[in-house]
Amino acid sequence: MTDSKYFTTTKKGEIFELKAELNSDKKEKKKEAVKKVIASMTVGKDVSALFPDVVNCMQTDNLELKKLVYLYLMNYAKSQPDMAIMAVNTFVKDCEDPNPLIRALAVRTMGCIRVDKITEYLCEPLRKCLKDEDPYVRKTAAVCVAKLHDINAQLVEDQGFLDTLKDLISDSNPMVVANAVAALSEIAESHPNSNLLDLNPQSINKLLTALNECTEWGQIFILDCLANYTPRDDRESQSICERVTPRLSHANSAVVLSAVKVLMKFMEMLPKDLDYYGTLLKKLAPPLVTLLSAEPELQYVALRNINLIVQKRPEILKHEMKVFFVKYNDPIYIKLEKLDIMIRLASQANIAQVLAELKEYATEVDVDFVRKAVRAIGRCAIKVEQSAERCVSTLLDLIQTKVNYVVQEAIVVIKDIFRKYPNKYESVIATLCENLDSLDEPEARAAMIWIVGEYAERIDNADELLESFLEGFHDESTQVQLQLLTAIVKLFLKKPTETQELVQQVLSLATQDSDNPDLRDRGYIYWRLLSTDPVAAKEVVLAEKPLISEETDLIEPTLLDELICHIGTLASVYHKPPNAFVEGSRGVQHKRLPPRTGSNESPESPELAQPAAAQPVDQPPAVIPSQGDLLGDLLNLDLGPPTSGGTPAITSAMQMGAMDLLGGGLDSLVMQGGAGGRQETGFGGPAVMPSSLNAPVGGGLGDLFDLGSGVGMPTGSYVVPKTVWLPAMKAKGLEISGTFARRMGTIQMDVTFTNKAMQIMTDFAIQFNRNSFGLSPAAPLQLATPLSPNQTIEVSLPLSTVGPVMKMDPLNNLQVAVKNNIDVFYFSSLYPINILFVEDGKMERQVFLATWKDIPSDNEAQFQIKDCHLNSDAVSNKLQSNNIFTIAKRNVEGQDMLYQSMKLTNGIWILAELRIQPGSPNFTLSLKCRAPEISQFVLQSYEAVLKN
């Protein structure tokens, strides 16, 4: 008879009977009783009253009975901690049992009993089991350490279990290695800064050896651990890839995806011209294709991962388009995902095939799928220019089918095609206008109105068409109303005589009869523009529109890099980083891809990036630093004041190749050939970073030349008016504006935080990327109160110039990351160089003369400062308040000559000669400096100070 009989009884007084049976002398009766207890426990009955009687049954040689008792113990130990202590002696005894299965069972149960009182008694048995001769016991004990760490982390560290666990990575048995890796990974996840898995080439070699002999889940643990390792160079990277590649042919799809994750990460370090790189690309395609023959749920996970892989490396699957063609019996979620990947893989070579498929899909019965297929045709037109004509003719064929939802989707995508290829396909407008009456969806109506307004001069009856929409203006959605307002204003500006009545009608409807604030505001703006300055209105409303980009739905590169590091996990299915959906500390560990081969920085060893080994690479300034780098540093930010070593170095992946000055001052640029390759020594040797709190952040060139009034300050030095550094729409409602000032010898970053979102913002922190002058916050960012919706808080943050240094392009480019409870936001800005001019920048006359002669004439730069209506005394006073000191003044042939000096925070001197012709608004400025790259920025400061 089966064990189902234990679940059928519903007798009263059962507990009393079970108690008697548990205390029976007959072993068989005792076992039956324990089974009944477990059955009652399973169906939810409370049998905790039998705890002492069940625990008494532990003293047995019968393995089956022991397992049942241990099961009961795990369930009730938490509610009966005092009673559970009775079982400790048995555990200790069982951990020395000659049968390895019983030893393992004891240690496994010990790990599952989450009672603080018991944990300290379990340390000794666990220590013995970790060094047990039987691998089965050792592998069970390894997992037990992770469980114990979850209950009492301090105890595990004090007892030295973590070191024992690390030793198990070198175990001879692959399953022990796999479980040790799994346990260490689990502990490391809850303690991101612990550096438990201190991987090195030797330990990696042991893991790779164990990889071939593990069970499939053991392989996944090891592969996930390998994915967190950063190889030293491309040779090690290739060696690991070669040993991981055989896992691609594994039957378990989780193993395959974990192997793909490792290979995708390590490929970053392989040079693209390497033969092995091409071979690896070819090897990655078949396993991914094979995953698509699994059941639909697995297919979906595979497709979501493939979507990421194709965005990162489309070349892997560029010849595999056919596998993504939709099958008639695919579920809708598979169809839509396949469609997305088809568009990503579309290219000139396969576009004919893709279009034929998409046209076929557009005649299906599934409405959602048909809509997506029609949109896909439009995306193909925008992506592959050569196919645009075929796409447009395909869309026209679909419009001719007169199927309502097909026509509406086609009109929406044709609007995008017009934006991408202006003045090319406007001949189809007539066909679109024929279908005007059938449009009932807001997006399609808005698209059609946009087309009519944009091309009003080509449509004879444009006014009639727009008037027909106007009849039911108040019944339309906001999207259509806004579009209609703009379209009629465009029409009026193109045909003013014929449409005066129409424009008055729409402006009246939008401003007087509407209660939508967006619509009213737009109406009033148009009304005032048209009534005060029709020419300006024309320039604003009929301005040339920027072309739309190819892929609007691509994942942002830094997020994509992070998601690639999470292939095979939930993050890769959601296409969101783990911290977006996992609560608590486990969610915030950010991963990143290693730097591309050829960059001079390694995340493992920053000290390798000495200037001598630096390879200057022409790269544009990165506005968005790599999320992995900046974000990781920011989230692990120590919010205490910085130590003398400055803030932690933050490296933007887009600037890995940039030169690292490491505190040598800008003169070291010249020594390295940074200025035309000349070999020169720095002025007075390498500059030493002063310890004064001196450093800048910028707000774009607009700041330098904004002619508003500066913030008043004691020394009277010029402060650029605040500008918006980070608009609210790019930062989830947080708007950041600011400027820089030098006050009493300290650089201040004056920042205004405005909360335009609907939720409270807290936990603010700020960090700078490496920059040319070592600017870094001298104190934590502190907002006195949480930032409530619609609230604005102004903060003045002192800056120092002792942070990490890296040459930026342009030199005064500063990348900033601001974190709050919602997210981390990045912006890039340019700071005025005059905030770096120090107070002791006045040079002795003799030294000035000797230095001027000593600096080669090649380093002299001459500029014109125009429209400056000041006399030489006013100029001298104005510049002196900004630490540009006049050393001597002479009058030569009626011209005033001012000789000036200034010194930067990193010790570089700049010498200037300013020629002023009385009565003339144009000055001549000559600058000499050891690092001539600075001259342009000094000129900007002169202009900004003198003209404001």
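Cut-offs and rules
- Residues numbered from 1 in each chain as written.
- Predicted model: local features only at pLDDT ≥ 70, side-chain atom pairs only at ≥ 80, totals over all residues.
- Heavy atoms only, no water.
- UniProt positions renumbered as here; feature names shortened; annotations may be inferred.
- Salt bridge = Lys/Arg side-chain N within 4 Å of Asp/Glu carboxyl O.
- Helix = DSSP H or I, 4+ residues; strand = E, 2+ residues; numbered from the N terminus.
- Axes fitted to C-alpha atoms, helices over the stretch in contact; angles between N-to-C directions.
- Left-handed = near helix turned anticlockwise from the far one by under 90°.
- Contact = heavy atoms within 4.5 Å.
- Nonpolar A, V, L, I, M, F, W, Y, C, P; charged D, E, K, R; others polar.
- Expected span 1.5 Å × (residues − 1).
- Buried < 20%, exposed > 50% of the residue type's maximum accessible area, 1.4 Å probe, protein only.
- Pairing = 2+ DSSP bridges.
- Parallel < 35°, antiparallel > 145°, perpendicular 65-115°, else oblique.
- Polar contact = N/O pair within 3.5 Å; in protein donor to acceptor, adjacent residues only side chain to side chain.
- Phe/Tyr/Trp six-rings, centres within 6.5 Å; stacked < 30°, edge-to-face > 60°.
- Patch = residues over 30% accessible without salt bridge, like charges linked within 9 Å, V, L, I, M, F, W, Y side chains within 5 Å.
- Areas by Shrake-Rupley, 256 points an atom, 1.4 Å probe, with all protein chains shown as cover.
- Lys, Arg positive; Asp, Glu negative; His and termini not counted.
- Charge placed at Lys NZ, Arg CZ, Asp CG, Glu CD.
- Core = buried A, V, L, I, M, F, W, Y, C linked by side-chain atoms within 4.5 Å.

If you check an unreviewed UniProt entry, the chain appears there as AP complex subunit beta from Huso huso. Of the chain, the UniProt comment under Sequence similarities (unreviewed entry) reads exactly: "Belongs to the adaptor complexes large subunit family." As recorded by UniProt, the Subcellular location (unreviewed entry) comment attached to the chain reads in full: "Endomembrane system".

**A few points about the pattern of salt bridges**
All told, the structure shown has 35 salt bridges when counted by the stated rule. For Lys494, the salt bridge goes to Glu457, with nearest N and O atoms at 3.0 Å. Of the two residues, Lys494 is situated in helix α28 (residues 478-494) and Glu457 in the loop between α26 (442-454) and α27 (462-470); the sequence distance between them amounts to 37 residues. Close ionic contact of Asp840 with Lys903 constitutes a salt bridge, the shortest N to O distance being 3.5 Å. With Asp840 in the loop between β8 (824-830) and α37 (845-854) and Lys903 in strand β11 (residues 895-903), the pair connects residues that are 63 residues apart, well separated along the chain. Linked by salt bridges that have partners in common, Arg371, Arg375, Glu409, Glu441 and Glu443 make up one network.

**Concerning the packing of helix α1 (residues 14-22) against helix α2 (residues 27-42)**
One way to put it is that α1 packs onto α2 with a least axis distance of 8 Å and a crossing angle of 145 degrees. Every pair of crossing elements has a handedness; the one defined by α1 and α2 is left-handed. Only Lys29, Lys30, Ala33, Val34, Lys36, Val37 and Ser40 of α2 make contact with α1, whose side of the interface consists of Glu14, Leu18, Glu21 and Leu22. Counted by class, the contact of α1 with α2 contains five nonpolar, one polar and five charged residues.

**Overview of helix α39 (residues 935-946)**
For α39, spanning twelve residues, the distance from its first C-alpha to its last is 16 Å, which sits close to the expected 16 Å at 1.5 Å a residue. Buried residues dominate α39, accounting for eleven of its twelve residues. For α39, the complete set of buried residues consists of Ser935, Phe937, Val938, Leu939, Gln940, Ser941, Tyr942, Glu943, Ala944, Val945 and Leu946.

**Brief notes about the sheet that holds β11**
Pairing is antiparallel in the open sheet, where five strands are placed in the order β9-β13-β12-β11-β10. Looking at the sheet topology across the chains shown, the edges are occupied by β9 (860-865) and β10 (885-892). Taking each pair of neighbouring strands and ignoring which way they run, the sheet shows an average axis angle of 20 degrees. Where α37 meets the sheet, its contacts fall on β9, β10, β11, β12 (909-916) and β13 (923-929), and the angle it forms with β12 comes to roughly 95 degrees. Relative to the sheet, α39 contacts β9, β11, β12 and β13, its axis offset from that of β9 by approximately 25 degrees.

**Some remarks on the environment of Glu443**
Tracing the backbone through its elements, the reader meets Glu443 in helix α26. Judged by its relative accessible area of 36%, Glu443 is partly exposed. Once you skip the residues sitting within four places of it in the chain, Glu443 turns out to touch Arg375, Val412 and Gln479.

**Re helix α23 (residues 388-400)**
Relative to the 18 Å expected for 13 residues at 1.5 Å per residue, α23 spans 19 Å between its end C-alpha atoms, a close match to the ideal helical length. Regarding α23, the residues found buried are Ala388, Cys391, Val392, Thr394, Leu395, Leu396, Leu398 and Ile399. Check the buried side of α23 and you find it contacts α21 (351-361), α22 (367-383), α24 (404-420) and α25 (429-434). Looking one or two residues beyond α23, the residue adopting positive phi is Lys402, at roughly 60 degrees.

**A few points about the packing of α21 against α22**
With their axes 8 Å apart at the nearest point, α21 and α22 run at an angle of 155 degrees to one another. As the angle between them shows, α21 and α22 are arranged roughly antiparallel. Handedness of the crossing formed by α21 with α22: left-handed. When α21 is examined against α22, the residues Ile351, Val354, Leu355, Leu358, Lys359 and Tyr361 are found in contact with a partner set consisting of Phe369, Val370, Ala373, Ala376, Ile377 and Cys380. Of the residues in the contact of α21 with α22, the class split is eleven nonpolar, no polar and one charged.

**Brief notes about the environment of Met806**
Assignment of secondary structure puts Met806 in the loop between β6 (792-800) and β7 (813-819). Measuring from C-alpha to C-alpha, the distance between Met806 and Phe773 comes to 7.8 Å, with 33 residues separating the pair along the chain.

**Points about the sheet that holds β7**
Pairing in this open sheet of three strands is antiparallel, and the strands run β4-β7-β8 from one edge to the other. The open sheet has two free edges, formed respectively by β4 (765-768) and β8, since each of these has just one partner strand. Geometrically, the sheet is characterised by an average inter-axis angle of 25 degrees between neighbouring strands, direction not taken into account. Here β7 pairs with β8 via seven bridges, running antiparallel. Each residue of the ladder has a partner; that of Asn813, found in β8, is Leu830.

**Comments concerning the side chain of Thr754**
Along the chain, the position of Thr754 falls in strand β3 (residues 746-755). At a separation of 3.3 Å, a polar atom in the side chain of Thr754 contacts the side chain of Thr792. Not counting chain neighbours up to four residues away, the residues in contact with Thr754 comprise Gly733, Leu734, Glu735, Leu787, Gln791 and Thr792.

**Observations concerning the packing of aromatic side chains**
Following the criterion strictly, the structure yields 13 aromatic pairs and no others. Ring centres of Tyr574 and Phe581 lie 4.8 Å apart, and the angle between their planes is 85 degrees; this geometry places the pair in the edge-to-face category. Look at Tyr574 and you get partly exposed, because its relative accessible area is 43%. Relative to Phe764, the ring of Phe753 has its centre 5.2 Å away and its plane inclined at 55 degrees; by these criteria the two rings are tilted. Of this pair, Phe753 sits in strand β3 while Phe764 is found in the loop between β3 and β4, placing the two residues eleven residues apart along the sequence.

**Notes on a negative patch on the surface**
On the surface, Glu464, Glu467, Glu471 and Glu501 cluster together to form a negatively charged patch. With respect to the helices, strands and loops of the structure, Glu467 is situated in helix α27.

**Side note on the nonpolar core**
Residues Tyr72, Phe91 and Phe418 are the most contacted members of the largest nonpolar core, which totals 209 residues. Phe418 has contacts with Tyr425, Glu426, Val428, Ile429, Leu432, Trp450, Ile451 and Tyr455, leaving out every residue within four places of it along the chain.

**Details of the side chain of Asn771**
By the element assignment, Asn771 lies in the loop between β4 and β5 (776-777). A distance of 3.0 Å separates the side chain of Asn771 from the backbone oxygen of Asn769, its partner in a polar contact. Those residues in contact with Asn771, other than ones at most four positions away along the chain, are Pro804, Val805, Met806, Met808, Asn813 and Leu814.

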